[in-house]
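# Report on the structure
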Amino acid sequence: MAEKETMYGGQAVIEGVMMGGRFTSVTAIRRKDGTIAFFEVPRDSKSSYSFLKKWPLVRGVIGIIESSILGSKHLNFSSEKYDKLPEEDVEETEENKGKWGMILGLSVMAILSFLFGKFIFTLLPALAADALTPFFPGKVSQILTEGVLKIILLLAYIYFISITPLMKRVFQYHGAEHKVINAFENDLSLTVENVKKQTRLHYRCGSSFILFTAIISVFLYFFVPLHPLSVRMLTRIALIPVDLGLSYEVLRLTNAVRHIPGLKVLGYPGLWLQLLTTKEPDADQIEVAIAAFNEMKRREADTLLEKDTSVVS
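Presented here is a report on the structure given in the accompanying data block. (Residues numbered from 1 in each chain as written. Predicted model: local features only at pLDDT ≥ 70, side-chain atom pairs only at ≥ 80, totals over all residues. Heavy atoms only, no water.)

Looking only at helices and strands, one finds twelve helices and four strands in the protein chain. Among the 313 residues that make up the protein chain, the fraction classed as buried is 44%. Taking all contacts inside the protein chain whose residues are at least 6 apart in sequence as the whole, residues at least 24 apart take part in 70%. Counting only carbon and sulfur atoms, one obtains 67% of the accessible surface of the protein chain, whose full area is about 16400 Å². (Helix = DSSP H or I, 4+ residues; strand = E, 2+ residues; numbered from the N terminus. Buried < 20%, exposed > 50% of the residue type's maximum accessible area, 1.4 Å probe, protein only. Contact = heavy atoms within 4.5 Å. Areas by Shrake-Rupley, 256 points an atom, 1.4 Å probe, with all protein chains shown as cover.)

The pairing of strand β3 (residues 24-30) with strand β4 (residues 36-42) spans seven bridges and is antiparallel. Note on β4: the bridge partner recorded for R30 is I36. Here β3 hands over to β4 after five residues, with G34 in that stretch at a positive phi of 95 degrees. (Pairing = 2+ DSSP bridges.)

Turning to the pattern of salt bridges, a few remarks are in order. Within this structure, the stated rule accounts for 14 salt bridges. R236 is paired through a salt bridge with E146; the nearest N and O atoms lie 2.9 Å apart. Of this pair, R236 sits in helix α9 (residues 229-238) while E146 sits in helix α5 (residues 139-162), and the two are 90 residues apart along the sequence. In this structure, R236 and E146 share a single accessibility class: buried. Residue E295 is joined to R299 by a salt bridge in which the shortest nitrogen-to-oxygen separation is 2.7 Å. Remark: R299 and E295 occur in helix α12 (residues 283-312); sequence separation between them is four residues, near one turn of the helix. With a relative accessible area of 13%, E295 lands in the buried category. Each of E40, E295, R298, R299 and D302 takes part in salt bridges that share partners, so that together they form one network. (Salt bridge = Lys/Arg side-chain N within 4 Å of Asp/Glu carboxyl O.)

Pairing within the open sheet is antiparallel, and its four strands lie in the order β1-β2-β3-β4. Both edges of this open sheet fall to β1 (9-13) and β4, since each of them pairs with a single strand only. With direction set aside, neighbouring strand axes in the sheet form an average angle of 20 degrees. (Axes fitted to C-alpha atoms, helices over the stretch in contact; angles between N-to-C directions.)

Attention now goes to a nonpolar patch on the surface. Residues I120, L124, L127, L153 and L229 make up a contiguous nonpolar surface patch of roughly 360 Å² in combined accessible area. Mapped onto the secondary structure, L229 falls in helix α9. (Patch = residues over 30% accessible without salt bridge, like charges linked within 9 Å, V, L, I, M, F, W, Y side chains within 5 Å.)

Glancing now at unusual backbone geometry. Residue H227 is joined to P228 through a cis peptide bond whose omega torsion reads 0 degrees. Residue position: P228 is located in the loop between α8 (206-221) and α9. Its identity as a non-glycine residue notwithstanding, E15 has a phi of 55 degrees, on the positive side. You can see E15 is positioned in the loop between β1 and β2 (16-20).

Moving on, we come to helix α10 (residues 240-256). Each α-helix winds once per 3.6 residues, and so residues spaced three or four apart point in a common direction. For α10, built from 17 residues, the straight-helix expectation of 24 Å at 1.5 Å per residue is met to within 8% by its first-to-last C-alpha distance of 24 Å. The set of residues buried in α10 consists of I240, D243, L244, G245, S247, E249, L251, T254 and N255. (Expected span 1.5 Å × (residues − 1).)

The next point concerns the pairing of β2. β2 sits mainly inside the fold: five of its five residues count as buried. A two-sided burial pattern is seen for β2, the buried positions comprising G16, M18 and G20 on one face and V17 and M19 on the other. Hairpin connection, β1 to β2: the antiparallel pair is bridged by two residues, and E15 has positive phi, about 55 degrees. Where β2 and β3 come together, five bridges link them in antiparallel fashion. Within the sheet, the bridge partner assigned to G16 lies in β3 and is I29. Between β2 and β3, which pair antiparallel and follow one another directly, the connecting turn spans three residues.

Here we take up α8. Look at α8: 23 Å from first C-alpha to last across 16 residues, which is about the 22 Å you get at 1.5 Å a residue. Within α8, twelve of the 16 residues are buried, which leaves the element mostly enclosed by the surrounding structure. Buried residues of α8: S207, S208, F209, L211, F212, T213, A214, I216, S217, V218, L220 and Y221, and no others.

This is the structure we're talking about:
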């Protein structure tokens, strides 16, 4: 039962999937020779700020920072290794260095990309709504206009990146990750056939979280001044941590009530967004996601055994 209480999750990477548990996170990628390579990043359970993860609102912000740092490590691994043969790991040509240096640079930027994107998707709609004041005067109409523009901007951005070849494959692996988690939570053996039948949507997805931040921010704006524009922009920035913290709690709530009729609809907006951020994976991609999950579970079991052994000794 304790195993079921662990909320496993992960993320898609370039040609692979990262799966995370209580003690570690493991990425599996498909290399160009068809083999699967693994990469592990153990979780630091003794950090000086661990107690903050128990505080509502604060734990969401901490979680986002940790996820960004952890995710960047797995993205770096996948971007460096997925298009190489094992024997090419040490040998680097100048051409490869330039190619992989570019991808590595993009991966490192993922650490700050979420927060940077949050600033962009927060300030641009505020500026646009302010410019439309003659057409939408009054605080209520201004805030609603800003919220609609923010959601439109978010959906448009996700749609356009989803049709690029690279991101389409990443979104397929995102779907494979969800399918594996759903199969596990439904007590099914992790075979390609079983996993393939699962939905590619999941209530705990980060995509849902992103949409919740856009929706919840609209309600927060009613509690702060709208004018002048400088105050409007500053309050939008100041409310970002509050927005992130509240959105995280809402995400947890929607996951907790997802099996309750009448309440599970709270998570529907996030699930609808996942129709854009996930794609149906093929059998090979599902196999990689299963491999990542099984390897993570194996290493979790080894870590737990080591902990038990150290307590007994």
